[in-house]
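Take a look at the letters that make up each chain.
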Amino acid sequence: MTSPAGPPPTGSSGDTGKRLKLLAVTACPTGIAHTYMAAEKLQQAAESRGIEMKVETQGSIGAENVLDDNDVSTADGVIVAADKDVDLSRFVGKRVLKVGVAEGIHHPERLIEQVRSAPVHTGAATASATSGRERSVTYKALMNGVSYMIPFVVVGGLLIAISLSLGGHTDPSGGLVIPEDSFWMDVNNIGVIGFTLMVPILSGYIAYAIGDRPALVPGMIGGWIANTGALYDSKAGAGFIGAIVTGFCAGYLVLGIKKVRVPKFVQPIMPIIVIPIVATTALGLFFIYVVGRPISWVFEHLTDWLSGMTGTSAVLLGALLGLMIAFDMGGPVNKTAFLFGAGLIASGNQTVMGMCAAAIPVMPLGQGLATLVRKRLYSEQERETGLAALFMGCFGISEGAIPFAAARPAQVIPANMLGGAVAGAVAGLAGVEDAVPHGGPIVAVLGAVSGVPMFFVAVVIGSVVTALTTVALVEVRERGRGRAGAVTAPTAEAPGGRETVPVGVGAGAGPADAVVTRGAAAAVADGADAARAGAREVTAADDTPDNDVLSGILTERTVRVRLAAADKEAAIREMAELLARSGRVADVEELVRTALRREEQGTTGLGEEIAIPHAKTDAVTAPVVGFARSDAGVEWGSLDGTKARLVFMIAVPEAAAGDEHLRILALLSRKLMDTGFRRRLLEAADEAAALAVLHDEVG
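Residues numbered from 1 in each chain as written. Predicted model: local features only at pLDDT ≥ 70, side-chain atom pairs only at ≥ 80, totals over all residues. Heavy atoms only, no water.

Our next topic: the overall build of the protein chain. Along the protein chain, the regular secondary structure elements total 24 helices and 15 strands. Scored against the burial criterion, the 699 residues of the protein chain give a buried share of 58%. Roughly 25800 Å² of accessible area belongs to the protein chain as shown, and the carbon and sulfur atoms make up 60% of that amount. (Helix = DSSP H or I, 4+ residues; strand = E, 2+ residues; numbered from the N terminus. Buried < 20%, exposed > 50% of the residue type's maximum accessible area, 1.4 Å probe, protein only. Areas by Shrake-Rupley, 256 points an atom, 1.4 Å probe, with all protein chains shown as cover.)

Here's what the structure looks like:
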């Protein structure tokens, strides 16, 4: 960690004899366009003012132009323009201004002025100088946990679903049963391990994002305890809600312990021995003795309360059970309703389990449907998780909706509960019965449900209600965030344009570069001085062969100076046909579909009259780049309202995707911030002239 190098400058006129030296770090969740656009704009603004600046970019291809100890020790201030967590410990004792990456693109001059009077970083968490421009620590930590949890949910859930569908059969005494000595039981057990791990993983990586490595162990063990009800005399664990609680408790507990002053000889063992042991023990005992007991009490009394309602209206009881099933998906409230229904099967009352069975699949089916209804609200990773959730819902695995609920609890949990209540009420009204303690369409297909048509009606209505409510609530939140001035993307680059963004609309955080937000930010040209400055390369990576990144993949055959298309879809189709002239496109239609699906996640219009549609697809046999110019401009949905006149299309096959298209995007994003470069492209007389400009400037 860099040591403080004396008091920071005040930014007063008395410092005019010394050239100001500033540092900057830019990063977005996906680390593609916005990371490099912000870096270039900050560099241009600094050069135009005679200020020395070095910018570190933390992009998808790794950190470039990394700030070393000497840079930090001699710097007068640091601008951090990022939508994901950046390690600030190396900047202790320096003036640090933290803002969102869009601020670096929109207002670089303002940031340079503000950093001179920014607060000195002390190592403790400090508020952003522009409230609302940066994601909160709480949000980033939550999304970090969700991003690590998703693979466990998907792998565990799909393995369980496959084993049930191919190796299971109905058994009145045990629901869907897989023979103990069968191959499919082994597959099921592997899936169960994945599901068992997902809760501690969620808790552990929430803690990790807050307290770093010392918080990982207490977070994971705390999550395991939260999910193991037997440790505190409960028939059900606290589920994912308990994991969120233990994750935040562990993270902030570790932060508190870190502040305790200890002798120097103890300091080396604090992060690896003392902090993990103390935090794990304290958190574990706290949950068992303080939090766990109330959970056990709630479980017991909810069961008694439900027992007293068996003679009431079937619609009311069904709605109530649906609400409980949907609330915490595997937690104590869910388990109370499920075990209540399962326990009545033996006494001959199968209608209660019928209500539960109809509500169980509604959450994953509804959330999966929502990702299809409003694709633009979700990142690619979220949409993939949505497909997995649809599959899990068909097999009665309600945990498929947990990633969505953990990422957007305020929107998803109410929507789940409403849909679950509707499904339960419809099933109760219709007198649906379920003879096995399991839910979802699978039990109807296998013949365990009576009143099958109305069972499916209940499931469909509940799922649709959940999906539409989720979409409405998420859109309300996004509009509210937009009015508040936060620049977010509908996906997640988790996701900046999430080439992946995670579940949860949003950006990943902390040590995981999960993606959460996709979108495009506009920039304002800085004039002739900035244009001259923009011609300079500012990263150490420019000394590498990156300058040859377009060699062989951008030729005169894939350049057009008169784009005929009048709208975005037509432009993408025309660009795909242009790329096909290279001989590297095997399926033009599939390339168009892939590029349009990418646009649904968030516009690739970057502003400044630029658009860079791109696709990873096996519709192309090798990387290929095309460029076209539109005289009238094409409406691309750019945030600055400009129409796209300079359109680049990048296509890379899945097998060769790697860093290739990311390197191309990064290089183009940086170069296109140079107003002189853009002007030369706009003025190029023909394809040969445009290609010459591109190869001269980009490689």
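Picking up after the structure, the text goes on.
The next thing to look at is the pattern of salt bridges. This structure, assessed with the given rule, holds twelve salt bridges. Residue Arg-560 is joined to Glu-574 by a salt bridge in which the shortest nitrogen-to-oxygen separation is 2.9 Å. In this pair, Arg-560 sits in strand β10 (residues 559-560) while Glu-574 sits in helix α20 (residues 568-580), placing the two residues 14 residues apart along the sequence. Judged by relative accessible area, which is 22%, Arg-560 ranks as partly exposed. A salt bridge links Arg-597 to Glu-590; the nearest nitrogen and oxygen atoms lie 3.3 Å apart. Taking relative accessible area as the criterion, Arg-597 reaches 32% and is therefore assigned partly exposed. One continuous salt-bridge network, built from bridges that share partners, spans Lys-21, Lys-54 and Asp-71. (Salt bridge = Lys/Arg side-chain N within 4 Å of Asp/Glu carboxyl O.)

Running from N to C, helix α10 (residues 314-328) and helix α12 (residues 351-359) point in directions that differ by 45°, and their axes come no closer than 9 Å. One element, α10, and the other, α12, form an angle in the oblique class. At the point where α10 passes α12, the crossing takes the right-handed sense. Counting all contacts with α10, which are made through Ala-314, Leu-317, Gly-318, Leu-321, Gly-322 and Ile-325, the residues of α12 involved are Val-352, Met-355, Cys-356 and Ala-359. Residues of the contact of α10 with α12, tallied by class, amount to eight nonpolar, two polar and no charged. (Axes fitted to C-alpha atoms, helices over the stretch in contact; angles between N-to-C directions. Parallel < 35°, antiparallel > 145°, perpendicular 65-115°, else oblique. Left-handed = near helix turned anticlockwise from the far one by under 90°. Contact = heavy atoms within 4.5 Å. Nonpolar A, V, L, I, M, F, W, Y, C, P; charged D, E, K, R; others polar.)

A few words on the side chain of Ser-630. Mapped onto the elements of the fold, Ser-630 is located in strand β14 (residues 624-634). On the basis of relative accessibility, which here comes to 2%, the residue Ser-630 falls in the buried class. Side-chain polar atoms of Ser-630 contact the backbone nitrogen of Gly-633, separated by 2.9 Å. When sequence neighbours within four positions are dropped, the list of residues in contact with Ser-630 reads Leu-563, Ala-644 and Arg-645. (Polar contact = N/O pair within 3.5 Å; in protein donor to acceptor, adjacent residues only side chain to side chain.)

Moving on to the pairing of β14. The buried fraction of β14 is high, at nine of eleven residues. As paired elements, β10 and β14 share two bridges and run parallel to each other. By the bridge assignment, Val-559 is partnered in β14 with Phe-627. (Pairing = 2+ DSSP bridges.)

Attention now moves to the nonpolar core. Membership of the largest hydrophobic core comes to 82 residues, with the highest contact counts inside it found for Leu-202, Ile-206, Phe-240, Ile-244, Leu-321 and Phe-455. Examining the composition of this core, we find that twelve residues originate from one element, helix α5 (residues 137-167), more than from any other. Those residues within four positions of Phe-240 in sequence are excluded, and the remaining contacts are Val-199, Leu-202, Asp-328, Met-329, Ile-402, Ala-405, Ala-406 and Ile-413. Core analysis: the second largest hydrophobic core is formed by 27 residues, Ile-553, Val-625, Phe-627 and Phe-648 among them. (Core = buried A, V, L, I, M, F, W, Y, C linked by side-chain atoms within 4.5 Å.)

Right, let's talk about the environment of Leu-646 for a bit. Along the chain, Leu-646 falls in strand β15 (residues 644-652). Sequence-wise, Leu-646 and Gly-633 are 13 residues apart; in three dimensions their C-alpha atoms are separated by 8.2 Å. Those residues in contact with Leu-646 that sit more than four places away from it in its chain are Glu-609, Ile-610, Ala-611, Phe-627, Ala-628, Arg-629, Arg-678, Leu-681 and Leu-682.

Attention now moves to the pairing of β15. With eight of nine residues buried, β15 is to be regarded as a mostly interior element. Bridge count between strand β13 (residues 614-616) and β15: three bridges; the pairing is parallel. Bridging from a neighbouring strand, His-614 pairs with Ile-650 of β15. Bridge analysis of β14 against β15 gives seven bridges, and the strand direction is antiparallel. Its bridge partner being in β15, Ala-628 is matched across the sheet by Val-647.

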